[in-house]
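Notes for the structure review
Residues per chain are reported as follows:
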Protein chains: 2
Amino acid sequence: MSERDAALLRRAPLGVFDSGLGGLTVVRALREALPAEDIVYLGDTARVPYGTKGPDTVTRYALGCAKHLVRRGVKAIVIACNTASAVAPDRLRVELDLPVLGVIDPGARAAVEATRSFKVAVLATSGTIASGAYPRAVAALSTRVETLGQAAPLLVPLAEEGWTEGEVPRLAARRYLEPLAHRGVDVVVLGCTHYPLLRDVIEGEARVLLGPDVRVVDSARATAEDVSSFLRDRGLARTPEGAPGQTHLLVSDLPRTFDEVASRFLGAPAGPAELVDL
Amino acid sequence: MSERDAALLRRAPLGVFDSGLGGLTVVRALREALPAEDIVYLGDTARVPYGTKGPDTVTRYALGCAKHLVRRGVKAIVIACNTASAVAPDRLRVELDLPVLGVIDPGARAAVEATRSFKVAVLATSGTIASGAYPRAVAALSTRVETLGQAAPLLVPLAEEGWTEGEVPRLAARRYLEPLAHRGVDVVVLGCTHYPLLRDVIEGEARVLLGPDVRVVDSARATAEDVSSFLRDRGLARTPEGAPGQTHLLVSDLPRTFDEVASRFLGAPAGPAELVDL
């Protein structure tokens with residue numbers, strides 16, 4: 001590659017997609033780790049949620065999102081959705097000629113680094129749990145650590161609806177955490193990028209049910225570290241000179257809540273989301 | 001039309017679709033009202049829910065479902081989804097050359113017939129409430145009856161997940177019903193075909209908050225009556241001779257729960273759902 005082409009590639013944006021709002025938790029971590037990068041984020045709000053759907057359907061949707069981001073000229077794709085990261089990355093790598101990074105391996109690494117009891121629990125969507133992706137990723141990092149999976153499907157609509165405080169999310173979190181009590185778990189992985197929006201209630205219930213020292217980890221920061229190392233190792237990272245990077249938001253449908261939650265969530269006005277046809 | 005063509009048309013199945021499981025509440029009522037009819041039911045489980053999505057997206061999905069049913073040779077289409085009935089029927093009638101019936105007008109009629117205080121409340125999805133379809137339908141039937149709308153978005157995932165008993169659905173129902181207290185409402189319309197799955201908790205909370213005499217009505221039976229009159233008036237109804245009609249289930253994705261809930265819900269084994277590509 002010529003030096004000029006390499007410079008153009010470095011300047012290209014990062015593509016990030018999720019089924020809806022949840023992936024913004026990853027965007028926030030990417031903004032902190034890689035402030036110079038431009039990010040194009042696509043929330044597939046026309047087909048949210050992914051976590052209750054089958055692997056073929058989720059893979060088809062993920063491919064549609066990724067192809068749209070490729071048309072926007074991204075240099076790499078971050079799948080900011082656990083369900084899609086669990087079932088779709090191999091297919092995306094085969095079909096698209098660019099790097100594809102997911103959130104499962106970083107989440108597994110964060111869990112393995114945090115556990116002292118060698119027993120971690122993963123709260124995730126039905127699709128992620130059914131895929132077995134977390135136990136596989138944890139086993140690839142450590143043969144000593146055991147992984148318990150627990151599907152927590154209602155947490156996605158609660159997060160999407162902004163219903164993140166009070167009795168209903170607390171009781172829902174409790175119901176999903178109860179089967180994990182008295183099993184020696186000391187780490188709970190938020191295995192869905194929507195769940196950090198409910199972190200306070202999940203953490204509160206986890207301390208009551210699993211013990212006061214339980215640690216709740218999410219994959220957002222670990223994913224941002226992965227993406228950062230990856231870009232630097234391959235000479236694809238922007239040099240932090242001049243203006244900070246921009247975030248451009250795309251959605252496949254325009255639910256009224258998206259812009260409002262996105263601004264609040266990213267901690268900075270991101271401008272109204274652009275509607276795209278997938 | 002020749003007598004032979006008319007006989008063939010009468011023998012054709014009825015097409016019914018919904019975003020997921022909810023429309024089965026309408027199928028059950030249709031089975032009771034029209035036992036001789038064959039029914040082809042399509043649950044768009046790859047794109048559920050519709051109620052949080054915008055009118056253009058829902059109309060596109062509804063058109064996809066309806067066109068698939070037309071290819072299956074149905075004689076008429078029942079939109080067994082309030083959100084799609086609120087935004088899509090005109091477009092479907094323009095694009096498809098066959099009768100299209102929805103659930104909003106029958107639901108409005110049931111409410112107007114039941115109210116004594118001339119004040120009815122409608123619990124529905126955000127999309128249905130935003131469309132204003134219920135207040136319009138009620139106003140077309142009676143200028144005296146006032147309609148209060150209340151979006152209850154979390155009830156759809158609760159119904160789809162089968163979480164229909166206990167504290168979480170009860171508290172969710174209470175939160176949605178609380179703004180309707182002390183307003184003189186004596187009828188609550190279940191303005192989403194998923195909500196009858198949660199009827200017990202909704203009815204219980206409605207009696208506490210709105211008064212012991214409040215009536216909860218759903219549009220399933222009224223829709224079945226509408227469809228029945230429509231078919232008979234146009235000579236399209238099957239004569240009830242010989243074997244009872246069959247129900248054939250189609251889904252656009254295969255969530256693990258569909259077959260199980262469908263059998264339980266229809267009260268008779270319906271056979272495994274067939275996966276279709278929309």
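Residues numbered from 1 in each chain as written. Chains lettered and ligands numbered in written order. Predicted model: local features only at pLDDT ≥ 70, side-chain atom pairs only at ≥ 80, totals over all residues.

Moving on: the sheet that holds strand S6 (residues 146–151) of chain A. Residues and elements named next belong to chain A. The 4 strands are arranged S6-S5-S7-S8 in an open sheet whose pairing can be described as parallel. Each edge of the sheet is formed by a strand with only one pairing partner; in this case those strands are S6 and strand S8 (215–218). Strand-to-strand, the axes of this sheet are offset by a mean angle of 25°, without reference to chain direction. By the bridge criterion, 4 bridges tie strand S7 (residues 187–190) to S8 in an arrangement that is parallel. Its bridge partner being in S8, Leu 190 is matched across the sheet by Asp 218. (Pairing = 2+ DSSP bridges. Helix = DSSP H or I, 4+ residues; strand = E, 2+ residues; numbered from the N terminus. Axes fitted to C-alpha atoms, helices over the stretch in contact; angles between N-to-C directions.)

Opposite the 19 residues of chain B that make contact, chain A presents 18 residues. Looking at the side of chain B that touches chain A, the elements with two or more residues in it are helix H9 (155–160) and helix H10 (167–177) of chain B. In terms of residues, the side of chain B that touches chain A owes the most to one element, H10(B), which gives 4 residues. When the residues that make up the side of chain B that touches chain A are grouped by side-chain class, the tally is 11 nonpolar, 3 polar and 5 charged. (Contact = placed C-beta atoms within 7 Å. Nonpolar A, V, L, I, M, F, W, Y, C, P; charged D, E, K, R; others polar.)

This next bit is on the domain arrangement of chain A. Residue and element names in this part refer to chain A. Here chain A is described as being made up of domain 1 (3–102 + 221–275) and domain 2 (104–219). Taken together, the 28 residues of domain 1 in the interface contact 25 residues of domain 2. When contributions to the side of domain 1 that touches domain 2 are tallied by element, the ones reaching two or more residues are helix H2 (24–33), helix H3 (55–71), helix H4 (82–87), helix H12 (219–233) and helix H13 (257–266). Residue contributions to the side of domain 1 that touches domain 2 peak at 5 residues, all from H4. When grouped by side-chain class, the residues that make up the side of domain 1 that touches domain 2 number 13 nonpolar, 12 polar and 3 charged. (Domains from an automatic or database assignment.)

Moving on to the relation of the copies chain B and chain A. Applying a rotation about an axis and a shift along it to one chain copy brings it onto the other copy. Expressed as a screw operation, the relation of chain B to chain A combines 0.0 Å of axial shift with a rotation of 180°, fitting to an RMSD of 0.0 Å. The transformation relating the two chain copies, once decomposed into turn and shift, fits a two-fold axis. The residues that chain B uses at the interface reappear at the interface of chain A in 95% of cases, marking a shared surface. (Least-squares fit on C-alpha atoms with pLDDT ≥ 70 in both.)

Attention now goes to H12(A). Residues and elements named next belong to chain A. Given a rise of 1.5 Å per residue, 15 residues ought to cover 21 Å, and the 21 Å separating the end C-alpha atoms of H12 matches this to within 8%. Three or more residues of H12 are buried, namely Ser 219, Ala 220, Ala 222, Thr 223, Ala 224, Val 227 and Leu 231. On the buried face of H12, the contacting elements are H2, strand S3 (76–79), strand S4 (100–101), helix H6 (104–114) and S8. Taken from the residues just after H12, Gly 235 is the one with a positive phi, measuring 65°. (Expected span 1.5 Å × (residues − 1). Buried ≥ 20, exposed ≤ 12 C-beta atoms within 10 Å, placed from the backbone.)

Before going further, it helps to spend a moment on the confidence of the model for chain A. Looking at chain A, pLDDT values average 94 and 99% of them are 70 or higher. This prediction of the complex comes with two scores: 0.93 for pTM and 0.89 for ipTM. (pLDDT = per-residue confidence, 0-100.)

A separate point is the nonpolar core. Ranked by size, the top nonpolar core spans 183 residues in total, and within it A:Ile79 and B:Ile79 carry the most contacts. Those residues within four positions of A:Ile79 in sequence are excluded, and the remaining contacts are A:Phe17, A:Ala62, A:Ala84, A:Ser85, A:Ala88, A:Pro89, A:Val100, A:Gly102 and A:Val103. (Core = buried A, V, L, I, M, F, W, Y, C linked by C-beta atoms within 7 Å.)

Residue and element names in this part refer to chain A. Taken in spatial order, the 6 strands of this open sheet run S4-S3-S1-S2-S9-S10, and their pairing is parallel. Of all the strands in the sheet, just S4 and strand S10 (274–275) have a single pairing partner and so form its edges. Inspection of the sheet shows strand S2 (residues 39–43) paired to strand S9 (residues 247–251) by 5 bridges, in the parallel sense. Bridged to Gly 43 within S9 is Val 251.

Okay, the packing of helix H10 (residues 167–177) of chain A against H10(B) next. Where H10(A) contacts H10(B), the two axes come as close as 9 Å, and the packing angle between them is 165°. Here H10(A) lies roughly antiparallel to H10(B), going by the angle between them. Seen along the crossing, H10(A) lies across H10(B) with a hand that is left-handed. Listed contacts from H10(B) to A:Glu167, A:Val168, A:Leu171 and A:Ala172 of H10(A) are B:Glu167, B:Val168, B:Leu171 and B:Ala172. Partitioned by chemical class, the residues of the contact of H10(A) with H10(B) number 6 nonpolar, no polar and 2 charged. (Parallel < 35°, antiparallel > 145°, perpendicular 65-115°, else oblique. Left-handed = near helix turned anticlockwise from the far one by under 90°.)

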